[in-house]
Amino acid sequence: MLAVHLLSYYFTKLQEDPTKKVDRFLYSMRLNDDQLRVISDRFRCDMEKGLSMQSNDAATVKMLPTHVHSTPDGSEKGEFLALDLGGSRFKALRVKVSEEVGRRRRGVEMEEQTYPIPKELLNGKGTELFDYVSESLKDFLQNRNISLKEKHTLGFTFSFPCQQKSLNEGVLLNWTKNYRARGVQGKDVVQALREAITRTRGMDVEVLALVNDTVGTMMTCGFDDEHCEVGLIIGTGTNACYMEELRHIDLVEGDEGRMCVNTEWGAFGDDGALQDYITEFDREIDAASINPGKHLFEKLVSGLYLGELVRLIVLKMAKLTLLFDGNASHALRTKGKITTAHVAAMEQYKDGLRKTRDILLDLGLTPSHDDCVAVQHVCTVVSFRSSNLVAAGLAAILTRIRQNRKLKTLRITVGVDGTVYRTHPQYAKRLHKVVRRLVPDCHVRFVLSESGSSKGAAVVTAVAQRLASQRRQVDEALSSFRLSQQQLGSVKAKMRAGLEAGLKLKGPSPIKMLPSFVYHTPDGTEHGKYLALDLGGTNFRVLLVKIRSGLRRSVRLYSKIFTIPLEIMQGTGEELFDHIVQCISDFLDYMGMKNTRLPLGFTFSFPCNQTAIDTGTLVSWTKGFKATGCQGQDVVDMLRDAIKRRNEFDLDIVAIVNDTVGTMMSCAYEDPRCEIGLIAGTGSNVCYMEEFRNIEKRDGEKQKMCINTEWGGLGEDGCLDDIITNYDDAVDRESLNQGKQRFEKMTSGLYLGEVVRQVLLDLTRRGLLFKGHVTEALKTPGIFVTKYLSHIESDRLALLQVRSILQKLGLDSTCDDSIIVKEVCGAVSRRAAQLCGAGMAAVVDKIRENRRLDHLNVTVGVDGTLYKLHPHFSRILQETVRAMAPQCQVAFILSEEGSGRGAALITAVARREHMKL
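Residues numbered from 1 in each chain as written. Predicted model: local features only at pLDDT ≥ 70, side-chain atom pairs only at ≥ 80, totals over all residues. Heavy atoms only, no water.

Novice: I'd like a rundown of the confidence of the model for the chain, residues and numbers included.
Specialist: This prediction gives the chain a mean pLDDT of 89; 95% of its residues lie at or above 70. No element of the chain has a lower mean pLDDT than helix H1 (residues 2-14), which averages 45, and none a higher one than helix H29 (residues 873-884), which averages 97. (pLDDT = per-residue confidence, 0-100. Helix = DSSP H or I, 4+ residues; strand = E, 2+ residues; numbered from the N terminus.)

Novice: Residues and numbers for the pairing of strand E21 (residues 652-657), please.
Specialist: Burial runs high along E21: 5 of the 6 residues are buried. Bridge count for strand E18 (residues 599-604) against E21 is 5 bridges, and the pairing is parallel. Each residue of the ladder has a partner; that of leucine 600, found in E21, is isoleucine 653. (Buried < 20%, exposed > 50% of the residue type's maximum accessible area, 1.4 Å probe, protein only. Pairing = 2+ DSSP bridges.)

Novice: Before we move on, can you summarise the nonpolar core with the specific residues and values?
Specialist: Side chains of a nonpolar character, in soluble globular proteins, are inclined to be buried together. Ile676, Phe784, Val824, Met840, Val844 and Phe873 are the most contacted members of the largest nonpolar core, which totals 111 residues. With 17 residues, the single largest contributor to this core is helix H27 (residues 815-850). Excluding residues that lie within four positions of it along the chain, phenylalanine 784 makes contacts with Gly753, Glu754, Val756, Arg757, Leu760, Leu789, Ile792, Leu806, Leu809 and Cys825. Counting 90 residues, the second-largest nonpolar core is a separate cluster that includes Phe43, Ile412, Val420 and Cys442. (Core = buried A, V, L, I, M, F, W, Y, C linked by side-chain atoms within 4.5 Å. Contact = heavy atoms within 4.5 Å.)

Novice: Tell me what's going on with the state of the cysteines, and back it up with residues and numbers.
Specialist: A full pass over the atoms with the stated rule returns 0 disulfides. Here cysteine 221 is not disulfide-linked; the sulfur of cysteine 228 is the nearest cysteine sulfur, at 5.0 Å. With no disulfide partner, cysteine 379 has as its closest neighbouring cysteine sulfur the one in cysteine 372, 11 Å distant. (Disulfide = S-S within 2.5 Å.)

Novice: Go over the pairing of strand E10 (residues 238-245), please, and point to the residues and values.
Specialist: Residues in a regular strand project their side chains so that they alternate between the two faces of the sheet. Extensive coverage of E10 is indicated by the burial of 8 of its 8 residues. Burial of the side chains of E10 extends over both faces: Thr238, Ala240, Tyr242 and Glu244 are buried on one face and Asn239, Cys241, Met243 and Glu245 on the other. Pairing between strand E9 (residues 228-234) and E10: 5 bridges, direction antiparallel. Across the sheet, residue isoleucine 233 finds its bridge partner in E10, namely asparagine 239.

Novice: Tell me what's going on with the packing of aromatic side chains, and back it up with residues and numbers.
Specialist: All chains considered together, the criterion is met by 25 aromatic pairs. These aromatic residues form a ring-pair network of at least three members: Phe156, Phe158, Phe160, Trp175 and Tyr179. Against the face of tyrosine 590 rests lysine 560, its NZ or CZ located 4.7 Å from the ring centre. (Phe/Tyr/Trp six-rings, centres within 6.5 Å; stacked < 30°, edge-to-face > 60°. Lys NZ or Arg CZ within 6 Å of the ring centre and 35° of its normal.)

Novice: How would you explain the packing of H27 against H29 if you had to name every residue and give the values?
Specialist: Between H27 and H29, the shortest axis-to-axis distance is 7 Å and the interhelical angle comes to 40°. Taken together, the axes of H27 and H29 lie oblique to each other. Our pair here, H27 against H29, has a crossing hand that is right-handed. Taking contact as the criterion, the partners of Ser829, Arg830, Ala832, Ala833, Gln834, Cys836, Gly837, Ala838, Met840, Ala841 and Asp845 in H27 are, on H29, Phe873, Ile876, Leu877, Thr880, Val881 and Met884. Of the residues that constitute the contact of H27 with H29, the class distribution is 11 nonpolar, 4 polar and 2 charged. (Axes fitted to C-alpha atoms, helices over the stretch in contact; angles between N-to-C directions. Parallel < 35°, antiparallel > 145°, perpendicular 65-115°, else oblique. Left-handed = near helix turned anticlockwise from the far one by under 90°. Nonpolar A, V, L, I, M, F, W, Y, C, P; charged D, E, K, R; others polar.)

Novice: I'd love a proper account of the sheet that holds E18, names of residues and values included.
Specialist: The pairing of strands in a sheet comes from backbone hydrogen bonds and takes either a parallel or an antiparallel form. Taken in spatial order, the 5 strands make up an open sheet running E17-E16-E15-E18-E21, and their pairing is mixed. Edge positions in the sheet fall to strand E17 (554-563) and E21, since each of these pairs with one other strand and no more. Ignoring strand direction, the axes of neighbouring strands in this sheet form an average angle of 20°. Bridge analysis of strand E15 (residues 528-535) against E18 gives 5 bridges, and the strand direction is parallel. In the strand pairing of E18, leucine 533 is matched with phenylalanine 602. Against the sheet, helix H19 (residues 573-591) touches E15, strand E16 (539-548), E17 and E18, its axis set at about 130° to E17. Contacts from helix H20 (residues 635-646) reach E15, E18 and E21, with the element oriented near 145° to E21.

Novice: Any chance you could break down helix H17 (residues 485-502) for me, citing the residues and the numbers?
Specialist: With 18 residues, H17 should cover 26 Å at 1.5 Å per step; its first-to-last C-alpha distance of 25 Å lies within 8% of that length. The secondary structure elements touched by the buried residues of H17 are H27 and H29. (Expected span 1.5 Å × (residues − 1).)

Novice: Mind laying out the pattern of salt bridges, listing which residues take part and the relevant values?
Specialist: If you walk through the whole model with that rule in mind, you get 60 salt bridges. For arginine 144, the salt bridge identified is with glutamate 111, shortest N-O distance 3.7 Å. Within this pair, whereas arginine 144 is found in the loop between helix H5 (126-143) and strand E5 (151-158), its partner glutamate 111 is found in strand E4 (residues 107-116), the two being separated by 33 residues in sequence. According to the relative accessible area criterion, arginine 144 is partly exposed, its value standing at 29%. Residue class for glutamate 111 comes out partly exposed when judged on its relative accessible area of 25%. What you see here is one network of salt bridges that share partners, running through Lys492, Arg496, Glu500, Glu690, Asp845, Lys846, Arg848 and Glu849. (Salt bridge = Lys/Arg side-chain N within 4 Å of Asp/Glu carboxyl O.)

Novice: Mind laying out the packing of helix H22 (residues 726-733) against helix H24 (residues 749-765), listing which residues take part and the relevant values?
Specialist: In the contact formed by H22 and H24, the axes pass within 9 Å of each other and the chain directions differ by 120°. The angle between H22 and H24 places the two elements in the oblique class. At the point where H22 passes H24, the crossing takes the right-handed sense. Facing Tyr727, Asp728, Ala730 and Val731 of H22, the residues of H24 in contact are Tyr751, Glu754, Val755, Gln758, Val759 and Asp762. When the residues that make up the contact of H22 with H24 are grouped by side-chain class, the tally is 6 nonpolar, 1 polar and 3 charged.

Novice: Before we move on, could you go through the sheet that holds strand E13 (residues 442-448) and cite the residues and values that matter?
Specialist: In space, the 6 strands of this open sheet follow the order E1-E11-E10-E9-E12-E13, with mixed pairing throughout. Single-partner strands in this sheet number two, and they are strand E1 (64-65) and E13. Looking at chain direction, E10 and strand E11 (residues 258-262) are connected through 5 bridges and run antiparallel. Within E11, the position partnered with glutamate 244 by the bridge is methionine 259. Sheet strands in contact with helix H7 (residues 213-224) are E9, E10, E11, strand E12 (410-417) and E13, and its direction is about 130° off that of E9. Across the sheet, helix H13 (residues 369-404) is in contact with E9, E10, E12 and E13; its angle to E10 comes to roughly 5°.

Novice: Break down the side chain of threonine 60 for me, citing the residues and quoting the values.
Specialist: Note that threonine 60 resides in the loop between helix H3 (33-51) and E1. At 2.9 Å, the side chain of threonine 60 forms a polar contact with the side chain of aspartate 46. (Polar contact = N/O pair within 3.5 Å; in protein donor to acceptor, adjacent residues only side chain to side chain.)

Novice: Break down helix H12 (residues 352-362) for me, citing the residues and quoting the values.
Specialist: Along H12, the residues that are buried comprise Gly352, Thr356, Ile359 and Leu360. Along the long axis of H12, the arc covered by the buried residues comes to 95°, so they all point the same way. In this fold, the buried residues of H12 make contact with helix H11 (340-346) and H13. Where H12 ends, the next residue or the one after it, glycine 364, has phi of about 80°, a positive value. (Arc of directions from axis to C-beta.)

Novice: Help me get a handle on the side chain of glutamine 376, residues and values and all.
Specialist: Considering the arrangement of structural elements, one finds glutamine 376 in helix H13. Classification of glutamine 376 by relative accessible area gives buried; the value is 18%. Ignoring sequence-local partners within four residues, the contact set of glutamine 376 consists of Met346, Glu347, Gln348, Gly352, Leu353 and Thr356.

Novice: Could you give an account of the environment of threonine 279, with specific residues and numbers?
Specialist: The residue threonine 279 is located in the loop between E11 and helix H8 (280-288) in this model. Look at threonine 279 and you get buried, because its relative accessible area is 5%. Residues threonine 279 and tyrosine 27, 252 residues apart in the sequence, show an inter-C-alpha distance of 10.0 Å.

Novice: Please give an account of unusual backbone geometry that cites residues and values.
Specialist: Positive phi values are uncommon outside glycine, yet methionine 513 reaches one of about 50°. As for its placement among the helices and strands, methionine 513 is situated in the loop between H17 and strand E14 (514-515). Using a relative accessible area of 1% as the deciding quantity, one classes methionine 513 as buried. Its identity is not glycine, yet arginine 852 carries a phi of approximately 55°, on the positive side. Along the polypeptide, arginine 852 turns up in the loop between H27 and strand E25 (856-863).

This is the structure:
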């Protein structure tokens, strides 16, 4: 009775539309978008495991670093050899790469020759296989009349999983595609090829790059499309590669830039991740394969298995009398009789049914029309599943790239190769459609690799050669910024000599060593209300400072910031001081204190000769100021005159203070050991407490006095010419004070950005940056401000954000450009920090020797945006001081309220000392 019901059931099925019958039978192969998203998520998790050092060993998706750091940028050129080994035949090629010049587009010319690989070599000794490859290469050179005496560089496409430690080294993990050559697995295949070339003799060939065919495909397509950052193979095997952020690849050192990762995604699912999607037919194929339980994703997807998968399904349907009236021929029962080429032929739009009939007849079957329709639909379901699974894997890669770069939408090109993709009539369209559906936030272009992966190997070699040449030239350009310990020691000695010379009454010295007439640091007894002014840049600050003494001593500040317009900075002195008084008036109105006469401390951050604490004759303007009628004048008198002209209020100007001195005093209020002030911001300067006996420029008898060194002038006499670069000279020529402040122009925020711009301009003109395109922005002085150095050198800043900063400046950069820009910024800022450190070492050693101490404990009060905001400046400065002044224990504390608070404290200290008299 059961048999009757079964026959009735299958008879009913035979009356159905043959495609619906197949759909019902292969229901588990029809994957919807939700299922594909689950698979894509699982693949992304496996990618993460493969990239991690901790989980890579257990990962099925190995995520192998390729050491290909860059896609082509159009400047590659030269002649290269290439070998392409990965199937039953291999190719030798000569590839000529030409760069774009004027209207002539860049291009690639190729000559190639194909050599069959005897089957016995596939399973023989590895040395014999590589000897055959090497001898064939020599044959190719001779046939093409290519000189054997000349040195040739070669790119080697090797389409098997390799663990690479460098671009020209790769250890074979395991053979695939029916290769079983002995003695190669676990060995460096590049070295094996080199040894074979040596045995062959007569050739001078350097193997510069080892490339997987997937990587070769990406690089081939990347030569014509700069957005190509993914390579995909769907042929006899299947694989994908893509450009991953280097900071995510644990298996290699470094975190700047990108590297192409060969996913080796064919093994996805070997750990059971695809268990709920594997059918009985997949299990049968796996059991009969030479590597059961391995490369399951590849067995669901690649051309090596699709034909056999169709055969097993058709055979099962025939056995269940769903096809051919239950008849199965001997050929249909024979493994390998249906190939992937048959599948592609049967799915053709116009002739597919006819070809299906012909193929089935060749298999000894007598198909009906419905049988042909059903078998054709089996092919469709099998190939559609393949393209769906590839789309899920590709969606995972594209999503990862987009998220890595923190983009809402991603524009990217996928380079594709492989017989399934090339020859199957509907495969590509299905794949494209599903990918775009799964990742709608990615604008994906698919490009077929016209020249295969062989061209890619040559392109990788060309890129490697370009990067090596570029690296040498960039290193050479930046070498002048890298200071040796000997050079830093020389800077320290010259700074020390300059300090000593500046203290003397006679003889010229570029370091002015100006007395400040500040004899004491705060002792905690200071109290009262004070007004403070702080002028030293484009911003001017007015402060009310309330100081409380005793056990609950404290300093409270109320301040307002005003802008100094450029036309005021470079106008007349009278206009400048009238503007300052206007700002004071606004502040006093704001505080409701116009009728109160307050003692005032004036922080004036420019070199002044002082004969008393309340007088200051301007020596020279710095930091972009150029107001006329000020140099040689007492700026305190100019302020008093401006107050009289306004005639709204009166102030008791007690002290004029350099910002460096104000910083020292502000920090000394918190730390009594603070006897040095450092400004590392728009300008660069140091002050310190000098023994009174050493100061020839003084009257009276005191124990110590704070000296404003004005150390930025070091080098004006040529003593730093041995470390001053051409870039520094260019900055100096364009400055307002040519030939002056040479040390400051190498160490201060006003100039560091401009030094970087000069380096970038030079590298671009030499074709090492921005494809040699010198933009108007890059030619504009001052456009690369120093804050960009702090941003670009931030450890947390991704290269994409560096590119964003550069794009704001009109500089369209690649990832490689961004890396170089970051290196330039690092070289310039590191030198600045080291120079400041060497100068500071001279100061602290002088204090130690002044006091005849074996060891000195001292604190430096610091202010300035460069020190505070740059991610590495403070650390490098402190490391340099430790290395160059080992007998000094130097602490650094930040001035929280700047030099304005210091001016008020100096005023308070001066009044305190005056009261004692």
